[in-house]
Every structure is written in structure tokens, then in C-alpha cells.
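Coordinate inspection notes
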Amino acid sequence: MKRFIRCMRFHDPGMSKERMMEIRRQYCNPMTMKVTYYKKPVFIHQGHMQWLWDVDGRRYLDLFAGVATVSVGHCHPKVTAAAEHQLKRLWHTTSIYVYPPLHEYCEKLASYFPDPLKVIYLTNSGSEANDLAMLMARLHTGNFDILTFRGSYHGGSPQTMGLTSNAAYKYPIANGLGCTNTMCPDVFRGPWGGSHCRDSPVQTIRDCGCAQGHCMANEQYIGQLKETFATSVPSRIAAFFGEPIQGVGGAVQYPKNYLKEAYKLVRERGGVCIADEVQTGFGRTGTHFWGFQGHDVIPDMVTMAKGIGNGFPMGAVVTTPEIAASFAKGVHFNTFGGNPVACAIASSVLDTIKEDGAQQISLDVGTYLMTELAKFRDKYEIIGDVRGKGLQIGVEMVKDKVSRDPLPAEAMGEIFEDVKDMGVLIGKGGVYGQTFRIKPPMCITREDADFFLAVFNKSIKNYMDRR
Amino acid sequence: MHKVGSCVSGRYAGLLRQSCCSLGLARFHLGIGAVCQKPAFKQPPAELPMMPPCDFQGEKYKGLSKEGMMKIRKEHCNPVTMNITYYERPIYIYHGYKQWLWDVDGRRYLDLFAGVATVSVGHCNPKVTAAAEKQLKRLWHTTNIYVHPTLHEYCEKLASNLPDPLKVIYLTNSGTEANDLAMLMARLYTGNYEIITFRGSYHGGSQQTMGLTSNSSYKYPIATSSGCTHVMCPDVFRGLWGGSHCRDSPVQTIRECNCAPGQCMAKDQYIGQLNEAFATSLPSRIAAFFAEPIQGMGGATQYPKNYLKEAYKLVRERGGICIADEVQTGFGRTGTHFWGFQGHEVMPDMVTMAKGIGNGFPMGAVVTTPEIAASFGKAFHFNTFGGSPIACAVGSSVIDTIKEEGLQQNSHDVGTYMLTELAKLRNKHEIIGDVRGKGLQIGVEMVKDKVLSSAILLRVLWSIYERFLHNVHFSVSVSSPPQVFRIQPPMCITREDADFFLAVFDRAIKNYMDRH
């Protein structure tokens with residue numbers, strides 16, 4: 001374990017672990033305990049860049065960034081300074097008044113988008129952004145049905161729950177009106193997949209006979225989409241939501257031209273195409289600022305959140321002037337959205353991503369990590385797939401490579417806990433909880449990657465030895 | 001929001017602008033940097049109200065020009081942003097401190113709207129800012145996959161400000177998110193589906209909470225509001241029934257009644273309307289009833305004193321749970337109690353809150369009983385930002401500040417004073433129809449005349465409103481008739497501030513009446 005960073009001042013956390021757990025059980029909704037990771041939870045109270053400290057002063061390498069949210073690093077000094085500067089000036093008025101930070105930020109954010117995606121509405125979360133995107137799509141098109149992939153995650157509000165296609169997050173209650181799922185073009189786990197489908201440094205272990213420029217898997221999955229069009233939805237639809245790389249689904253990637261063809265089919269049916277960049281945005285995929293750019297498409301609407309503010313509650317819907325105009329036929333008021341502090345922070349995040357070269361780091365360190373992880377996949381039977389782009393990485397665990405059945409939850413839990421005990425924090429995802437997710441703050445180094453690889457290797461080995 | 005082609009015209013406006021300059025505004029432009037408004041020149045005409053002094057020192061503005069901001073707003077901000085922007089000539093705010101706001105020209109304003117009742121303890125309150133800064137250097141965000149101390153410090157503190165059995169907290173990022181979740185939890189827990197709200201209510205802007213919200217301006221023509229029913233709002237001023245001692249307010253309506261003490265004919269009639277909704281629009285088992293203790297967007301509308309008590313009973317008989325939407329009334333704003341529902345002597349099953357909870361930090365919460373919270377566990381719900389370390393540090397400091405600075409008592413004192421003085425203005429001016437509210441949740445309803453109580457023309461209202469621009473501002477409710485001025489200041493305002501506002505308001509009404 002590396003030595004402490006000497007310049008960090010360790011703060012006294014105050015409350016004991018036992019007292020925290022007591023309060024958590026008594027005063028926090030039981031959901032809070034339900035989402036808490038690990039058999040022995042981690043009690044975090046301090047962070048700096050890619051490091052987190054627990055209440056005992058133990059340091060961890062954070063490779064999950066609070067779910068891909070701490071984009072430029074915990075308590076990043078530049079962003080913190082920008083926040084403090086604004087906190088002394090003006091926190092909140094709502095947009096009933098005009099204030100400079102909103103306009104500075106919107107102008108800056110808009111410059112990161114290709115035309116005609118130029119019109120911005122700020123919210124407080126990804127769920128709020130997606131909820132609005134649904135509303136705007138329905139208003140603009142006059143249609144109602146919205147399509148998403150199985151395995152997708154688009155939010156937890158009652159309406160966005162209809163988009164989300166992961167049973168764990170769905171409640172037995174009447175919602176999801178007008179939402180339909182279509183087969184996820186998952187080239188690892190799905191019925192079709194081959195050896196050069198993905199826009200990733202690492203391909204699947206599956207074989208294919210596809211000639212150059214052809215993708216049988218893509219054709220088959222588009223066929224499935226067409227079947228959905230012929231059966232589950234009317235001839236005119238409102239929208240299609242797609243994450244450029246699935247987040248909660250476990251960094252699932254589609255065949256290279258799938259989205260291009262899907263967008264065309266959706267538009268033929270009057271629908272708008274929405275890219276959910278809540279996890280893939282802000283340079284995380286390495287090759288481009290936005291995930292959709294890697295698919296060589298231009299959506300009609302883009303939603304984002306998480307990394308936008310390095311952890312400050314914020315989200316956004318960006319769209320074309322025409323679609324925005326349909327929305328403006330009524331009045332919508334988001335009290336906190338676009339507040340001066342959020343804008344100052346988000347503006348600083350954009351600057352920091354540029355100045356720190358975060359997108360390039362994502363590409364370099366991410367590609368390195370994946371190519372090394374691919375070697376582990378070849379070494380261990382239970383690592384089924386390594387995939388992703390930049391620092392949006394998934395490692396799917398299996399019982400064995402032939403069946404590709406998900407590694408059981410208990411085994412996943414053991415390895416997960418072991419990795420944590422050795423000082424690295426990663427995430428879990430996938431419809432069956434079978435995928436490790438690696439989405440670090442975009443400031444990690446190769447050294448950090450090597451440390452994680454060593455820890456991961458050891459934890460798999462430990463597990464295999466115990467079996 | 002309706003934008004009207006009225007302009008600040010006439011001799012008065014010119015005089016006002018001129019006088020404002022001579023009131024010491026010139027100090028700003030000398031580049032000293034001080035934004036104190038103690039007049040440097042001889043006393044202005046006695047009839048113009050004097051803004052109370054402020055010794056806060058701020059920076060001079062250096063940034064985008066107003067034209068530059070407007071250009072970006074029109075090009076890169078969703079047009080709804082322009083839809084909700086107040087005033088024919090908007091205000092360009094740069095800086096805030098406690099109950100004061102400064103625009104980019106250095107002009108100071110008394111903020112009596114607090115960014116819609118949100119800046120509860122004052123703009124950039126030093127204590128809360130310090131707490132935020134301390135946490136920003138420590139830890140911003142991890143989500144609840146890890147355990148962090150601030151969440152627990154805050155939940156324990158918040159829970160201690162709520163009565164049993166309302167002890168189980170779930171933190172969100174906004175009031176809309178909180179109400180969305182409250183709907184979900186109510187339906188899960190009861191197994192029923194229908195939810196009741198009042199006409200004129202506002203509970204959120206998401207697709208689902210739009211169904212609860214009963215204000216046409218905020219509704220889109222889209223199929224999303226299933227299971228939501230609106231019942232007659234027991235509005236004792238504008239509604240079918242009302243009298244002279246219905247409300248829990250220092251000021252009653254101008255209507256008369258023959259009700260004996262302890263009786264309220266209006267309340268009985270409105271409960272009758274609720275019963276009729278139960279007999280017609282709703283099935284025999286319902287999920288919930290949402291009510292704001294005093295309506296916010298609706299214009300500080302208040303109900304007869306025992307209405308909620310009886311309504312809660314009827315809702316529970318039908319399997320529903322009672323939800324108090326404290327997004328605007330919570331955190332001491334009503335003065336007599338910390339929560340608005342306490343003023344109604346009821347115990348809801350669930351309470352939602354936001355706005356003032358974080359003095360402007362994006363935050364909301366759903367608080368409920370252990371039984372109802374348990375039903376939420378049927379699946380997973382993950383709110384990425386909810387309950388973050390900074391939100392909790394800020395929320396915690398806000399509660400401390402409310403207590404340390406005695407803001408609830410201040411709301412009660414200054415609010416009651418303002419209400420009673422406004423009532424005198426109501427008696428003086430024909431076009432002020434009603435003054436109502438509690439603490440610093442105040443509404444002033446304007447009418448064409450008191451007899452018909454018909455809504456004042458929007459154009460007229462805006463005309464009065466725009467004239468205040470130079471000295472003080474407060475907000476107009478966005479509902480279509482009735483037309484209401486809403487006064488919901490940071491809870492740190494003083495009597496002096498109130499006097500200034502009253503003088504300005506009186507003067508503005510007088511000027512309008514003189515011209516017509």
C-alpha cells in the first residue's frame with residue numbers, strides 16, 4: 001500500500017462508525033442501506049483527486065468516482081476555488097432575474113456541441129433531464145411512444161423508470177406508459193456478436209466470419225429493432241433514448257454502426273433521437289468529448305449530468321431550436337436549475353478538463369487499462385469480457401467462457417470485497433450484477449492503473465484458490 | 001408567465017429614476033467599491049421612501065454586458081428561460097448579501113422574494129457559506145454506496161425537528177424530485193393509485209408531478225397525469241364561501257359571516273365539496289392527498305382553520321396517506337411553527353420539502369414513517385446526488401442558522417407586522433382585495449374593486465409592479481386570475497425593511513389610483 005500523501009491534512013471525522021450505522025438505520029430511508037456497497041461498508045470522509053480516505057485514515061484509490069461523477073477529481077483545487085468564489089457572491093435567484101454565470105456557462109457549454117445542438121436547459125440531476133427530454137420529445141413530435149434498450153438506465157423518477165430497463169430499479173406500480181424496450185445489441189452477451197464489432201481497444205472472445213466492412217451482428221440486431229417497430233409501437237413514435245455506452249448496464253457496447261442505422265429508422269417514424277450522455281459525456285470515452293461522436297451520429301437531443309459538475313447536483317438537456325420552441329409553448333420552472341453556483345462550478349469543470357488534459361488521460365490510461373485487463377481475461381476462465389472506451393470500462397465475469405453465464409452474486413461479492421480490502425474502489429453493474437465497472441476520476445495515472453491491475457489480479461487469484 | 005407590453009412611463013417614473021440617482025447611487029459609480037447606500041447627497045424629497053442602509057462591501061462588476069447576456073440567453077438558453085424572466089426590462093443581478101441584491105450597475109434592491117422563498121437565511125449567509133467552503137475542501141460527492149459522516153449528522157438533526165413518527169428521511173435534489181418520490185411511495189404503500197390535490201396548487205414540474213399541479217400555465221398538453229384529481233380549493237377569499245374569522249392568519253378577509261365561535265360555515269361547505277369528489281371522481285380507496293399548508297404559487301391561499309384536520313380524516317378512511325408539501329412553508333417561515341402543518345394541528349404521514357432547506361443549494365427531502373419507508377424497499381432506488389456531503393453540510397448549517405439567528409421568531413414578528421400594516425393599506429385602497437398569510441409567507445390579492453372581487457387587469461398589475469423596480473421588488477404570482485403579489489423574503493428582514501416596502505407599495509398604489 002502506498003504511503004500517505006504528506007501534504008494532506010487529515011480531518012477528524014467526528015462521529016463514530018457505530019453511531020453512523022445507528023443513525024443510518026433509524027433516520028435514513030432503508031433504501032440508503034440497501035444501496036450501500038460491501039459487507040463491511042467503507043466509511044469515507046475525505047477526498048483529493050483520485051484518492052479517498054476513510055474515517056480511520058486509510059487511503060483508497062477511487063476508480064468509481066461516485067458513479068462516474070467526480071469527473072476531474074475529488075475536491076479539485078481549481079473547481080473548489082471557482083465554487084468558493086461564487087459562494088461569496090451569489091448562490092440563487094432563479095431565472096426570474098438575469099445573472100452572468102448562467103450566460104457565461106451556456107455560451108461555453110454550447111461551444112462543445114455541433115450544430116444544431118445549441119439550446120440548453122439546466123436541471124439538478126440526470127433523472128430530471130431525462131424526464132424533461134421525454135416531455136419535450138412528446139410535445140415536439142405529437143407522438144407518445146419512446147424506445148430504449150434492455151439493460152438501459154435513464155433515471156429513477158416515476159416517468160424515467162419507464163425508460164429504465166433493469167428490473168432491480170422497477171417498482172410494481174403503474175408507470176412506464178408509452179415506454180417500450182427493444183433488444184440490446186450486446187455483442188458479448190446477446191445472441192449475436194463477433195470479433196470486430198465494437199469501437200473499443202478490446203473485442204469480445206467470440207468468433208465471426210464477417211468480411212471487412214460487414215457486421216452480421218449489427219444486421220441481426222437492427223432486424224430485432226425492425227421487429228419491435230412492426231409489433232410493439234405504432235407507426236409514429238416520439239423518441240429513442242440510447243446511452244452511447246451503457247452505464248448501469250455494465251459498459252455494454254453495440255456494433256459500430258448500430259446507432260447510425262437505428263437513428264435513421266427512428267427518424268423515419270417521426271421520432272427524435274436522444275443521446276443519454278450522463279456517464280459518457282465530458283471526455284470520458286477518450287476519443288471524443290461526447291460518446292455519440294464516437295458513433296458518428298448527431299442526436300436531436302442530448303442529456304447529461306453526473307460529471308458535469310464534478311459532484312455538484314446538476315443536469316442538462318441540450319437540443320435544437322425547433323425542439324426547444326415546442327417546449328416554450330408552456331411555462332416550466334425549475335427553481336434550482338442553472339443557479340449561479342452550479343454554473344460557476346460547471347464552467348470551471350469544462351476549463352479543468354481542457355487544462356488538465358482529462359480527455360487525453362482517459363484515452364491513454366483507459367486504453368492501457370483495457371489492454372492489460374484483456375490479458376487477465378485470457379488468463380482467467382471467469383473473466384468473460386473486457387470492454388469500453390477511455391475511462392468507461394466494464395469487466396464482465398462469467399462462470400465459464402463457453403456458457404457465458406453470469407458469475408453468481410456471491411462470488412462477485414467476494415472479489416469485490418477483496419479488491420476494496422486491498423485499497424481500490426470499483427463499481428458493479430449489469431442486469432445480473434455480473435460486471436465490474438471502472439469509471440475513475442479522469443486524472444488517474446498509469447501508476448494507479450498498475451496498482452489496480454495488481455490488486456485485481458490478486459483478488460481473482462485468491463478467489464480461484466479458495467474454490 | 002405573461003409578458004405584457006406595459007412600460008414604466010410618465011412623470012413619476014422619470015422622477016423616481018432621477019431621485020434614485022441622487023439617493024446616493026452615485027457612490028457606486030465613483031468606483032470606491034462600497035455598495036453602501038447611505039446618501040451622500042442632501043435628503044431626497046420627503047415623499048419618496050428611503051431604503052434602509054447596508055454596510056456590506058462588494059466587488060465592482062466586470063463581466064458580460066447586459067446586451068451580451070441577452071444575446072446568449074436568446075441563442076443558447078431554452079426559450080422557457082425567457083418565458084419566466086420577470087419584467088419588461090429585466091434585472092441583471094450580480095451579487096447578494098442577506099436580504100439585499102445588487103445588479104450589474106451596482107444598484108441595490110431589497111429582495112422580498114428570496115428566489116421564490118428559497119434563500120431562507122439570507123443571500124450568501126456567512127455561516128452557511130463557511131460551512132459549505134469547509135466541506136468543499138473535504139469531500140463533495142461519493143453517493144450512498146459508501147457511508148459518510150455528514151449524511152448522518154444531518155439526518156439526525158433534521159429528524160430532531162420533526163415529530164414522531166416522521167423520522168425516516170430520503171434526500172433528493174429538488175422539490176419536484178421529492179414529490180415525485182412521495183407519489184411513488186404512497187402508491188406502493190397503500191396499493192392504491194388516485195391522488196388528490198387542490199385546484200391552484202403547485203407540486204412540481206416533472207411529467208408526473210405536473211399531474212398534481214393544478215395551474216394551467218404549468219401544464220403541457222400531454223398524456224402523463226393519470227391518477228390525479230383536483231378538488232375545490234377551500235379559498236376563503238376568492239372561493240364560493242368565506243367569512244370573517246376563517247383563517248389562521250393575523251388578517252382575515254373582508255367578507256362577512258354569521259358563524260358562531262367554533263363554527264365555520266365555509267369549512268363545512270368546502271368539506272362538502274371534498275365529500276362530493278369522493279362520491280364521484282374517485283374510487284373508494286385512494287393513495288394520497290397532497291396539500292401545501294399555505295399555497296405557494298397559488299398566492300399564499302389559506303384554508304379554513306379546521307379544514308385539513310377533517311380532510312385528513314376522510315382521506316385516511318379511504319386508505320390514503322396525507323402528505324404535507326412544505327417546500328415553501330417549511331423551516332420556520334410561517335413563524336408560529338417550524339412546519340406549516342403544525343399550524344393546522346395535523347400530523348401528516350409524509351412531508352416533502354425543498355427550497356429553503358439549503359438556502360439555495362439544490363436539495364429536497366421526503367420524510368415519512370418507518371412503515372411507509374419500508375414499502376419503498378420493494379426495488380432499488382438510486383439518487384446519485386441526493387444526500388451528498390456538501391448538501392448535508394449546507395443543510396445542517398441552515399438549520400443551525402435558523403435557530404441561532406432566531407429566524408422563525410423573526411418571521412413571526414416582522415411577518416405579523418407586515419400583514420397588519422398591509423391590512424391597513426387594504427382598507428385604504430379599493431384595489432387591494434385581500435391580505436393573507438402567516439409569518440413571511442404573505443400574499444396580497446389585487447382586485448378591480450372589492451365588491452365584485454374580480455381580478456385586476458394583468459396590464460394594470462404589471463404597471464404597478466414595474467414601477468417598484470427601482471427600489472424594491474417582489475413577485476407576482478403567475479396564476480391567471482386571481483392576481484396576487486407574493487412576499488416571501490429571506491427570513492432575516494427587519495421592521496425597517498418592512499417599513500420601506502410598505503411606503504413604496506403605498507406610494508405605487510396611490511400613484512396608480514391618481515392616474516385612473
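Residues numbered from 1 in each chain as written. Chains lettered and ligands numbered in written order. Predicted model: local features only at pLDDT ≥ 70, side-chain atom pairs only at ≥ 80, totals over all residues. Heavy atoms only, no water.

By the naming in an unreviewed UniProt entry, chain B is Alanine--glyoxylate aminotransferase 2, mitochondrial, taken from Sparus aurata. Comment text from UniProt for chain B, heading Sequence similarities (unreviewed entry), reads "Belongs to the class-III pyridoxal-phosphate-dependent aminotransferase family." Quoted verbatim from the Subunit (unreviewed entry) field of the UniProt record, the comment on chain B reads "Homotetramer." (UniProt positions renumbered as here; feature names shortened; annotations may be inferred.)

Looking at an unreviewed UniProt entry, one finds chain A named Alanine--glyoxylate aminotransferase 2, mitochondrial, with Sparus aurata as its source organism. Entered under Cofactor (unreviewed entry) in the UniProt record, the comment concerning chain A runs "pyridoxal 5'-phosphate". The UniProt entry for chain A carries this comment under Sequence similarities (unreviewed entry): "Belongs to the class-III pyridoxal-phosphate-dependent aminotransferase family."

Things to note about the overall build of chain A
Regarding its fold elements, chain A presents 15 helices and 15 strands. Against the globule reference of 23 Å for 467 residues, chain A gives a C-alpha radius of gyration of 22 Å, in line with a compact fold. Projected onto its principal axes, the C-alpha positions of chain A cover 60 × 60 × 45 Å. Relative to its 467 residues, chain A shows a buried fraction of 69%. Partitioning the intrachain contacts of chain A with sequence separation of at least 6 by distance along the chain shows that 73% fall at a separation of at least 24. By element, 51% of the accessible surface of chain A is carried by carbon and sulfur atoms, the whole surface being about 15,000 Å². Seen as two clouds, the 52 positive and the 46 negative side-chain charges of chain A have centres 2 Å apart. (Helix = DSSP H or I, 4+ residues; strand = E, 2+ residues; numbered from the N terminus. Rg over C-alpha atoms; globule rule 2.2 N^0.38 Å. Buried < 20%, exposed > 50% of the residue type's maximum accessible area, 1.4 Å probe, protein only. Contact = heavy atoms within 4.5 Å. Areas by Shrake-Rupley, 256 points an atom, 1.4 Å probe, with all protein chains shown as cover. Lys, Arg positive; Asp, Glu negative; His and termini not counted. Charge placed at Lys NZ, Arg CZ, Asp CG, Glu CD.)

A word on the overall build of chain B
Counting its secondary structure elements, chain B contains 16 helices and 15 strands. Burial statistics for chain B: of 516 residues in total, 69% are counted as buried. Intrachain contacts of chain B at a sequence separation of at least 6 include 72% that bridge at least 24 residues. With the model as given, the accessible surface of chain B reaches about 16,700 Å², and the carbon-plus-sulfur share is 53%.

Remarks on the packing of aromatic side chains
All names here are of chain A. Enumeration according to the criterion identifies 43 aromatic pairs over all chains in this entry. Between Phe 240 and Tyr 263 the ring centres are 6.3 Å apart and the planes differ by 80°, which places this aromatic pair in the edge-to-face class. Placement of Phe 240 in strand E7 (residues 239–242) and of Tyr 263 in helix H9 (residues 258–268) is noted, with a sequence separation of 23 residues between them. Since its relative accessible area comes to 1%, Phe 240 is described here as buried. (Phe/Tyr/Trp six-rings, centres within 6.5 Å; stacked < 30°, edge-to-face > 60°.)

Some remarks on the domain arrangement of chain B
Residues and elements named next belong to chain B. As assigned here, chain B comprises domain 1 (84–124 + 410–514) and domain 2 (126–405). On a C-alpha basis, the centres of domain 1 and domain 2 stand 24 Å from each other. At the junction of the two partners, domain 1 supplies 44 residues and domain 2 supplies 43 residues. Overall, the association of domain 1 and domain 2 removes approximately 3,400 Å² of surface from exposure, summing both partners, and the carbon and sulfur fraction of that is 55%. When the buried surface of domain 1 facing domain 2 is broken down by residue, Val 121, Lys 438 and Gln 441 rank first, second and third, together holding 22% of it. (Domains from an automatic or database assignment. Buried area = accessible area lost by both parts, 1.4 Å probe.)

Let's talk about the side chain of Ser200(A)
All names here are of chain A. With respect to the helices, strands and loops of the structure, Ser 200 is situated in the loop between strand E6 (179–182) and helix H8 (216–231). A polar contact of 2.8 Å, which involves the side chain of Ser 200, links it to the backbone oxygen of Gly 388. Residues in contact with Ser 200, not counting those within four places in the same chain, are Gln 253, Met 370, Arg 387, Gly 388 and Lys 389. (Polar contact = N/O pair within 3.5 Å; in protein donor to acceptor, adjacent residues only side chain to side chain.)

Remarks on the sheet that holds E7(A)
Residues and elements named next belong to chain A. Across the sheet, which stays open at both edges, the 7 strands sit in the order E4-E10-E9-E8-E7-E5-E6 with mixed pairing between neighbours. The open sheet is flanked by strand E4 (119–123) and E6, the only strands paired with a single partner. Strand after strand, the sheet turns through a mean of 20° between neighbouring axes, direction not considered. Here 4 bridges tie strand E9 (residues 301–304) to strand E10 (residues 315–319), and the two strands are oriented antiparallel to one another. Among the inter-strand pairings, Thr 303 is bridged to a residue of E10, identified as Val 317. Here helix H5 (residues 100–110) sits on the sheet and contacts E4 and E9; the angle it forms with E4, its principal contact strand, is near 120°. On the sheet, H8 packs against strand E5 (146–149) and E6 and is oriented at approximately 150° with respect to E6. (Pairing = 2+ DSSP bridges. Axes fitted to C-alpha atoms, helices over the stretch in contact; angles between N-to-C directions.)

Some points on the state of the cysteines
According to the stated counting rule, one finds 0 disulfides over all chains in the structure shown. The thiol of Cys106(A) is not disulfide-bonded; the next cysteine sulfur, from Cys77(B), is found 3.7 Å away. You can call Cys106(A) buried: its relative accessible area is 1%. Of all cysteine sulfurs in the structure, the one in Cys197(A) sits closest to Cys184(A), which takes part in no disulfide; the separation is 13 Å. (Disulfide = S-S within 2.5 Å.)

Quick look at helix H6 (residues 126–141) of chain A
Residue and element names in this part refer to chain A. A rise of 1.5 Å per residue sets the reference length of H6, with its 16 residues, at 22 Å; its end C-alpha atoms lie 22 Å apart and thus fit the reference within 8%. For H6, a buried count of 15 out of 16 residues is recorded, marking the element as mostly surrounded by other parts of the structure. Two or three places before Glu 128, at the start of H6, stands the capping residue Ser 125, its side-chain oxygen 3.1 Å from that residue's backbone nitrogen. Just past H6, the residue Gly 142 takes up positive phi, approximately 75°. (Expected span 1.5 Å × (residues − 1).)

Some words on the packing of H8(A) against H9(A)
All names here are of chain A. Between H8 and H9, the least distance of the axes is 10 Å, while the angle of their chain directions is 20°. Of the possible angle classes, the one that applies to H8 and H9 is roughly parallel. Crossing geometry of H8 relative to H9 is assigned as right-handed. Every residue of H9 that contacts H8 at Asn 218, Tyr 221, Ile 222, Leu 225, Lys 226 and Phe 229 is listed here: Tyr 258, Glu 261, Ala 262, Leu 265 and Val 266. Considering only residue class, the contact of H8 with H9 consists of 8 nonpolar, 1 polar and 2 charged. (Parallel < 35°, antiparallel > 145°, perpendicular 65-115°, else oblique. Left-handed = near helix turned anticlockwise from the far one by under 90°. Nonpolar A, V, L, I, M, F, W, Y, C, P; charged D, E, K, R; others polar.)

Details of the sheet that holds strand E11 (residues 383–389) of chain A
Residues and elements named next belong to chain A. Pairing is antiparallel across the open sheet formed by 4 strands, whose spatial order is E11-E12-E15-E14. At either end of the open sheet lies a strand with only one pairing partner, and these are E11 and strand E14 (427–429). The mean inter-strand angle of the sheet, taken between neighbouring strand axes irrespective of direction, is 25°. In terms of strand pairing, E11 meets strand E12 (residues 392–397) through 6 bridges, oriented antiparallel. Bridge assignment links Asp 385 to a residue of E12, and that residue is Glu 396. Sitting on the sheet, helix H13 (residues 358–379) is in contact with E11, E12 and strand E15 (435–438), with an inclination near 170° to E11. In the packing of helix H14 (residues 409–421) onto the sheet, the strands contacted are E12, E14 and E15, and the crossing angle to E15 comes to about 30°.

Looking at the interface of chain B and chain A
Contacts between chain B and chain A engage 110 residues on the former and 113 residues on the latter. Considering only the side of chain B, the residues that lose the most area to chain A are Trp140(B), Tyr146(B) and Phe380(B), jointly responsible for 8% of the buried surface there. Between Lys137(B) and Glu84(A) there is a salt bridge, and its shortest N-O distance comes to 2.3 Å. Counting every contact that joins chain B to chain A gives 44 residue pairs in polar contact (both at pLDDT 80 or more). Broken down by element, the side of chain B that touches chain A gets its largest block of residues, 7 residues, from helix H6 (residues 149–160) of chain B. (Salt bridge = Lys/Arg side-chain N within 4 Å of Asp/Glu carboxyl O.)

A short note on the environment of Pro79(B)
If you trace the backbone, Pro79(B) turns up in helix H3 (residues 79–84). Residue classification places Pro79(B) among the partly exposed positions, given a relative accessible area of 29%.

Regarding the side chain of Lys389(A)
Residues and elements named next belong to chain A. As for its position among the elements, Lys 389 is in strand E11. Engagement of the side chain of Lys 389 in a polar contact is seen with the side chain of Thr 287, the distance being 2.6 Å. Excluding its chain neighbours within four sequence positions, the residues that come into contact with Lys 389 are Asp 199, Ser 200, Ile 245, Gln 253, Arg 284, Thr 285, Thr 287, His 288, Gly 294 and Met 370.

A short note on the domain arrangement of chain A
Interface size, as often reported, equals the accessible area lost upon joining of the parts. Residues and elements named next belong to chain A. Examined at the domain level, chain A breaks down into domain 1 (1–65 + 358–466) and domain 2 (80–356). Its C-alpha centre places domain 1 at a distance of 25 Å from the equivalent point of domain 2. Each partner contributes residues to the interface: domain 1 has 39 residues there, and domain 2 has 37 residues. Our enumeration of links across domain 1 and domain 2 arrives at 3 salt bridges. Of the charged contacts, one joins Glu 396 and Arg 189 as a salt bridge, the two residues approaching to 3.0 Å between their closest N and O atoms. Our count for the contact surface shared by domain 1 and domain 2 stands at 22 residue pairs in polar contact (both at pLDDT 80 or more). Contributing elements (two or more residues each) for the side of domain 1 that touches domain 2: H13, E11, E12 and E15. Here the side of domain 1 that touches domain 2 takes 10 residues from H13, the largest share from any one element. Class assignment for the residues of the side of domain 1 that touches domain 2 results in 16 nonpolar, 13 polar and 10 charged.

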